Amino acid sequence: MVVFKWSMFRFWKRPSNGGPGDLEVGLGGYSSPPADDDVVVPHLPVAEDVSCDLEEGDPKPEPAVLENDAPHDLEGAGLITPDHPSSWRRGKLKRASEAFYQVISETLWRTRTPTVPDQAVSVRGASTSGGFGIGLEELAQLVKERSLEALSRYNGASTLVHGLSSLLKTDLKVGIDRRDDEIQHRRLTFGSNTYPCRKGKTFWCFLWRASHFSHLLVIMFAAVFFWLLRIYSKGRLDGWYVEACIILATVFQIFARAIADYKQSCRFEKLTEEKRNVYLEVIRGGRRVRVSVYDIVVGDIVPLKNGCQVPADGVLFVANALKVDEQEITDSDEIVQKDLQTNPFLLSGSKLIEGIGTMLVTSVGMNTEWGLKMEIQQETDEEKPFQGYLKWLAISASWLVVLFASVAFSVRLGRYFSGWTKKSDGTPMFIYGITTVDEATEFVITSLSFGIATIVVAVPVGLSIAVRLNFAKTTKKMRKDKVLVQSLSAFGRMGSVTTILCHQTGILTSNQMSVVDVWAGGIRMQDMDTVSQLPTLLKELIIEGIAQNTNGSVVFETGVTEPEVYGSPTEQAILNLGNKLGMKFDDARSASLARHTIPFNPTKKYGGVALQLGTHAHVHWKGSAKTILSSCEGYMDGANNSRAIDEQKRKFFEGTIENMCKEGLRCAALAYQPCELGSLPTIKEPRNLVLLAIIGIKDPCRPGTRDAIQLCNSASVKVCMVTADDVLTAQAIAIECGILTDACRNIWTGAQFRELSDLEKEQIAGDILVFAQSSPSDNLLLVQALKKRGHIVAATGMGIHDPNTLREADVSLAMGVGGTAAAKENSDIIILDDNFATIVKCIIWSRSLYTNVQRSILFRLTVSVSALAICVVEVVIYDAFPLNAVQLLLLNLIIDILGALALAYRPRADDHLMGKPPVGIRDPLITKTMWSKLIIQVFYLVLSLVLINSEKLLKLKHGHTGNAEKVMNTFIFNSFVFSLVCNEFEIQSVDQTFKEILRENMFLVTITSTIISQIIVIEFASIFISSVRLDLKKWVTTSLLGLLSQVATRFPYPTNQYYP
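Definitions and cut-offs
Residues numbered from 1 in each chain as written. Predicted model: local features only at pLDDT ≥ 70, side-chain atom pairs only at ≥ 80, totals over all residues. Heavy atoms only, no water. Helix = DSSP H or I, 4+ residues; strand = E, 2+ residues; numbered from the N terminus. Buried < 20%, exposed > 50% of the residue type's maximum accessible area, 1.4 Å probe, protein only. Contact = heavy atoms within 4.5 Å. Areas by Shrake-Rupley, 256 points an atom, 1.4 Å probe, with all protein chains shown as cover. Pairing = 2+ DSSP bridges. Core = buried A, V, L, I, M, F, W, Y, C linked by side-chain atoms within 4.5 Å. Axes fitted to C-alpha atoms, helices over the stretch in contact; angles between N-to-C directions. Patch = residues over 30% accessible without salt bridge, like charges linked within 9 Å, V, L, I, M, F, W, Y side chains within 5 Å. Salt bridge = Lys/Arg side-chain N within 4 Å of Asp/Glu carboxyl O. Polar contact = N/O pair within 3.5 Å; in protein donor to acceptor, adjacent residues only side chain to side chain. Phe/Tyr/Trp six-rings, centres within 6.5 Å; stacked < 30°, edge-to-face > 60°. Expected span 1.5 Å × (residues − 1). Arc of directions from axis to C-beta. Parallel < 35°, antiparallel > 145°, perpendicular 65-115°, else oblique. Nonpolar A, V, L, I, M, F, W, Y, C, P; charged D, E, K, R; others polar. Disulfide = S-S within 2.5 Å. pLDDT = per-residue confidence, 0-100.

A. Region of the structure containing the overall build of the protein. Of the regular secondary structure elements, the protein holds 37 helices and 30 strands. Across the 1060 residues in the protein, those meeting the buried criterion constitute 53%. Taking all contacts inside the protein whose residues are at least 6 apart in sequence as the whole, residues at least 24 apart take part in 72%. Looking at the protein as shown, the accessible area adds up to about 48600 Å², and 57% of this sits on carbon and sulfur atoms.

Right under this line is the structure:
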């Protein structure tokens, strides 16, 4: 059925038997929802006092009624005037004909164009009602205008949002149906909670940016200039492959850089999308289910709590002291107080600062205010790891290379024009007045070609490519270890971290809490199977407090013996205690009426609920055991009697709490206050309470945490545990994790630290191992004090108040499971499994990246300096060119492609990288030992060159013919390549045995490819590189010279800082 909506008219095409269909005109809504193939045409806006749609199921008016009522209705809609009462009749046929043609065109379009489902359904693309009592446009406008009048009009006589929920077919207690077809129907009708991603930069943008690298432009310009000189002197086709090789090598460098940057940009977009795909709880089918934020649909019931981000636009129907930060949406710095009477509207993307609430989702995706502003964040041009040092190194090396190449070129020309350069017969190559201009020009061009080729191979332009390959491979492997890197520079600093400020709950511990110790009714019970034996009245009061004073829920499934418990880990532990007491959750909540809720305050550490039970009332409180006990004046004994707490009994309770804390338990207390019904609105703080129970909650350490902390200690990385728990609880957990020893006293509280002066904070900060009873502001002060003392600090963050600490730290770590959206947005690295051992793996990976970059730099500089030294020494001393331009370019390709691949694709990082202290963040990347190693390698290659030129030592019998000179130059080139191959082996074997190297497939493939390529070039393509074939003896000799180069650069002491 095809529907055309024009103001108050609805035209629909209903297929008849055997015919194309009848065009009918109706007023109001249709009697049934459109079929799947309906085409809905948006209608014109109407006056607010005119109802455009009838409720579902209302009868369609007859044509006669339409004629009688149409003028009045159209007049109210503002489409005709009272002066022309018959104007609606004159326009009826015209509008009907227009509608008919529109219907026909839409039908033909639908038959010709296949429909493609799109997840990001906008206002225009979704059905306006889909069988619901309210359309998409009305819902989107409701929250956008934040009109209480419009909300009350939808609700009518209903309270809260019951009227709106009825229109959306949502039960405020049960939620929507969990069936997939129901979810899909709502998604197609109102849109999905997704956003169209703005495309990132194309590959051509990165290619254009890479082509602006100054060194590559100089080389390209020199090659083109050299080609023009050769064309001018010898012709268009003479020796073109030399210049072509230079240009191809340069183009390859540009493409390699662009590809690396483009892949990194794509990974950043995927990371951003994965970061936004958070999971939250919704109520569907009477139970809480955990779904992706992208699966939220209109009509969902979403419970909200402190620290969460609002996933869609909606209207509150439960709000308790709710404060919301809407800065990113409204650009307002003020915290907005939300309530049901004056401001119940919630905007997608806003963050809950305080309180709890429950919302009805009204708009999702691009139909929300947040959706209109939402764009995929693009990668910033932040400095990559080691980029500053590499930039300085590349510029310095470039100037030195140009200087020495210019010296060699000048010496070569000086020898030539002074007559010192001899021919094979011993006569000078240049004789003034005899040597022609063409001969002199050819010599100059050849010398210039050699100088340019030397610059090409010696300038370390491939350093950045090597770093990019190392970083790309490392981050890809880290994904398997549950680590997402958001800031490249911060990841580079991770290996230099000296102190880790780590939250206790959920990171060092498993965050799987359970009640293991209870005092109630004068009895302390550590066997939870015996708690059901408590006195009846006491047990009923405890169950009443547990069931009503909670944000969680208990769901009993049919046929399942054990109920499903939902809520925070602490809530789940206390609800499970209620289940052991025999609690029937739904019955307990329906037995009393919650009149007022005091949300849990993290600062004051308590929360409560005021209940009406007939003519009297109870106010139940739950919170920190010490805080609740300080407000208690009495307690319930084992005989269901309320007794006063004297000084001796108070000391007993305090001793019980202290004993539980020493066992590493988090102590909570349950208490209540009987009061008159009229005093409920004034109760906001606990006073004159009756203690019901003291609860000890166990949160065990994660498996592997102790070993991970010991690994940090061996690497001189201090772990400081920060927690809001009691000092004794924190001390016991720190001892269990291995942070503290029994005799260690490096424990401070947030209050004690705040009282110190700035100088005292700096002096004491480095000794703190446990920071107990601390707030986010205290953690910020500790980070600042540590940084002033020169520490490199990594800090974890989970809550809504942690972003300031995360921004202050050198490396910020957010948790993927327990972390809030605010913490993730302000972090450098996301730990997906919330495990401290994963943080240690992140340090190991950063150190591994550091060592791999050092290897690549050492290898690249060894090649550059060696090639430059050989060329300069050969020109200055022997007045010859041992390596021609094409050979040097071939070396450049071997270095930048195969060499970088061989050293970048290393196995996973090992724990032995944590055997030494961290390298300083400002320490040079190339150590003195590495410089010594490089100098020895260069000296060995120059010495080999002298030996090769000395025929008496090697007895190669080069002779004085041109072919003999080519044999010697080919021998030098081959020896140089094998020395580089063996140098890669030597660099790779710094921390690996020969057997371990043989298990690295990528390294073996690249090394084998290098050797095979060298054999093919020498034996079958020698004409292109001006070389000759070598016999077996010379191949063996060049191989031995390469092996000897590895022996020459072996050291009895380590080259890298992280290796013993």
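B. Fine view of the pairing of strand S11 (residues 351-363). Burial runs high along S11: 12 of the 13 residues are buried. By the bridge criterion, four bridges tie strand S7 (residues 301-304) to S11 in an arrangement that is antiparallel. Across the sheet, Val302 pairs through a bridge with Met359, a residue of S11. As defined by bridge partners, strand S8 (residues 313-325) adjoins S11 across 10 bridges and the pair is classed as antiparallel. Looking across to S11, one finds that Asp325 is bridged to Lys351.

C. Here's a closer look at the nonpolar core. Of all hydrophobic cores here, the largest spans 106 residues; its most connected members are Phe491, Met494, Ile500, Ile739, Phe836 and Ile857. By residue number, the principal contributor to this core is helix H29 (residues 836-878), which donates 23 residues. Those residues in contact with Phe491 that sit more than four places away from it in its chain are Phe471, Thr474, Met478, Val485, Ile829, Cys842, Trp845, Ser846 and Leu849. Listed in part, the 44 residues of the second largest apolar core include Leu164, Ile301, Val302 and Val364.

D. Expanded view of the sheet that holds strand S13 (residues 499-503). On the basis of which strands lie adjacent, the open sheet formed by eight strands has the order S12-S30-S29-S28-S13-S25-S27-S26 and mixed pairing. The sheet is open, and its two borders are formed by strand S12 (483-485) and strand S26 (747-749), each paired with just one other strand. Taken over all neighbouring pairs, the strand axes of this sheet differ in orientation by 20 degrees on average, direction set aside.

E. Examining a nonpolar patch on the surface more closely. Side chains of Leu400, Leu403, Phe404 and Val407 sit close together on the surface and give an oily, nonpolar patch of about 350 Å² of accessible area. Within the secondary structure layout, Leu403 lies in helix H12 (residues 387-418).

F. Here's a closer look at the environment of Lys626. Along the chain, Lys626 falls in helix H20 (residues 625-630). Taking relative accessible area as the criterion, Lys626 reaches 46% and is therefore assigned partly exposed. Separated by 21 residues in the primary sequence, Lys626 and Lys605 place their C-alpha atoms 9.7 Å from one another. Excluding residues within four positions of it along the chain, Lys626 makes contact with Ile657 and Asp726. In terms of polar contacts, Lys626 uses its side chain to reach the side chain of Asp726, at 2.7 Å.

G. Structural view of the packing of aromatic side chains. Inspection of every chain in the model, using the stated rule, returns 13 aromatic pairs. When the ring of Phe206 is compared with that of Tyr262, the centres are 6.1 Å apart and the planes differ by 65 degrees; the resulting orientation is edge-to-face. Of this pair, Phe206 sits in helix H7 (residues 203-210) while Tyr262 is found in helix H9 (residues 240-276), placing the two residues 56 residues apart along the sequence. According to the relative accessible area criterion, Phe206 is buried, its value standing at 5%. With a centroid separation of 4.7 Å and 75 degrees between ring planes, the pair formed by Trp519 and Phe653 is classed as edge-to-face.

H. Focus on helix H35 (residues 1001-1020). Here H35 is 20 residues long and its end C-alpha atoms lie 27 Å apart, about the 28 Å a rise of 1.5 Å per residue gives. The set of residues buried in H35 consists of Phe1003, Thr1006, Ile1007, Thr1010, Gln1014, Val1017, Ile1018 and Glu1019.

I. Helix H21 (residues 647-662), seen in detail. Taking 1.5 Å of rise per residue, the 16 residues of H21 would be expected to cover 22 Å, and the 22 Å separating its terminal C-alpha atoms lies within 8% of that figure. If you check which residues of H21 are buried, you get Arg650, Phe653, Thr656, Ile657, Met660 and Cys661. One side of H21 carries all its buried residues, which in axial view fall inside an arc of 135 degrees. Opposite the packed face of H21, turned more than 90 degrees from it, sit the exposed residues Glu647, Gln648, Lys651 and Lys662.

J. Structural view of the packing of H21 against helix H23 (residues 727-737). Packing of H21 against H23 brings their axes to within 7 Å, and their N-to-C directions diverge by 20 degrees. Judged by the angle between their axes, H21 and H23 are roughly parallel. Contacts between H21 and H23 involve Glu658, Cys661 and Lys662 from the first element and Leu728, Thr729 and Ala732 from the second. Here the residues of the contact of H21 with H23 are counted per class, giving three nonpolar, one polar and two charged.

K. Fine view of the state of the cysteines. Here the structure, examined in full by the defined rule, presents zero disulfides. For the unlinked cysteine Cys661, the closest cysteine sulfur is that of Cys667, found at 3.8 Å.

L. Spotlight on the side chain of Ser866. Looking at the element boundaries, Ser866 is found in helix H29. According to the relative accessible area criterion, Ser866 is buried, its value standing at 0%. Every residue in contact with Ser866, bar those within four places of it in the chain, is listed here: Leu861, Val938, Leu941 and Phe976.

M. Quick peek at the packing of helix H25 (residues 758-765) against helix H26 (residues 776-788). Between H25 and H26, the least distance of the axes is 8 Å, while the angle of their chain directions is 80 degrees. As judged from the angle between their axes, H25 and H26 are roughly perpendicular. The segment H25 lies against H26, with Lys761, Glu762 and Ala765 engaging Leu781, Leu782, Ala785, Leu786 and Lys788.

N. Layout of unusual backbone geometry. Its identity is not glycine, yet Asn688 carries a phi of approximately 50 degrees, on the positive side. Turning to its location among the elements, Asn688 is positioned in the loop between strand S23 (665-676) and strand S24 (689-698).

O. Representation of the side chain of Thr1038. Relative to the helices and strands, Thr1038 resides in helix H37 (residues 1032-1048). Assessed through its relative accessible area of 0%, Thr1038 is described here as buried. Among the polar contacts made by the side chain of Thr1038, one reaches the main-chain carbonyl oxygen of Trp1035 at a distance of 2.7 Å. In this structure Thr1038 touches Phe971, Asn974, Ser975 and Phe978, once residues within four positions along its chain are discounted.

P. Representation of the pairing of S23 within the structure. Among the 12 residues of S23, nine are classified as buried, and the element is accordingly described as predominantly covered. Inspection of the sheet shows strand S20 (residues 616-624) paired to S23 by nine bridges, in the antiparallel sense. Pairing of His620 across the sheet is with Tyr672, part of S23. With eight bridges joining them, S23 and S24 adopt antiparallel strand pairing. When the sheet's bridge partners are listed, Leu670 is paired in S24 with Ala693.

Q. Looking closely at the confidence of the model for the protein. In this model, the protein carries a mean pLDDT of 76, and residues with pLDDT of at least 70 account for 75%. This model gives residues 1-128 a pLDDT under 50, and the stretch forms 169 contacts once residues within four places in sequence are excluded. Low pLDDT (under 50) marks residues 375-381, which in the prediction has 22 contacts with non-local residues, meaning those over four places away or in another chain.

R. Structural context of the pattern of salt bridges. This model, assessed by the stated rule, comprises 20 salt bridges. Between Asp177 and Arg179 there is a salt bridge whose closest N-O contact spans 3.0 Å. Judged by its relative accessible area of 35%, Asp177 is partly exposed. Salt-bridge contacts for Glu825 lead to Lys351; the nearest nitrogen and oxygen are separated by 3.6 Å. Taken together, the residues span a long stretch of sequence, with Glu825 in helix H28 (residues 821-825) and Lys351 in strand S11 at a distance of 474 residues.

S. Up close: the environment of Trp519. Here Trp519 is to be found in strand S14 (residues 514-520). Spatially, the C-alpha atom of Trp519 lies 9.5 Å from that of Val531, the residues being 12 residues apart in sequence.

T. Representation of the environment of Leu207 within the structure. Secondary-structure assignment places Leu207 in helix H7. The class for Leu207 is buried, based on a relative accessible area of 13%. In the structure, Leu207 is positioned 50 residues away from Arg257 in sequence and 7.8 Å away in space, judged by C-alpha atoms. In contact with Leu207, other than residues within four places in its own chain, are Ile254, Phe255 and Ala258.

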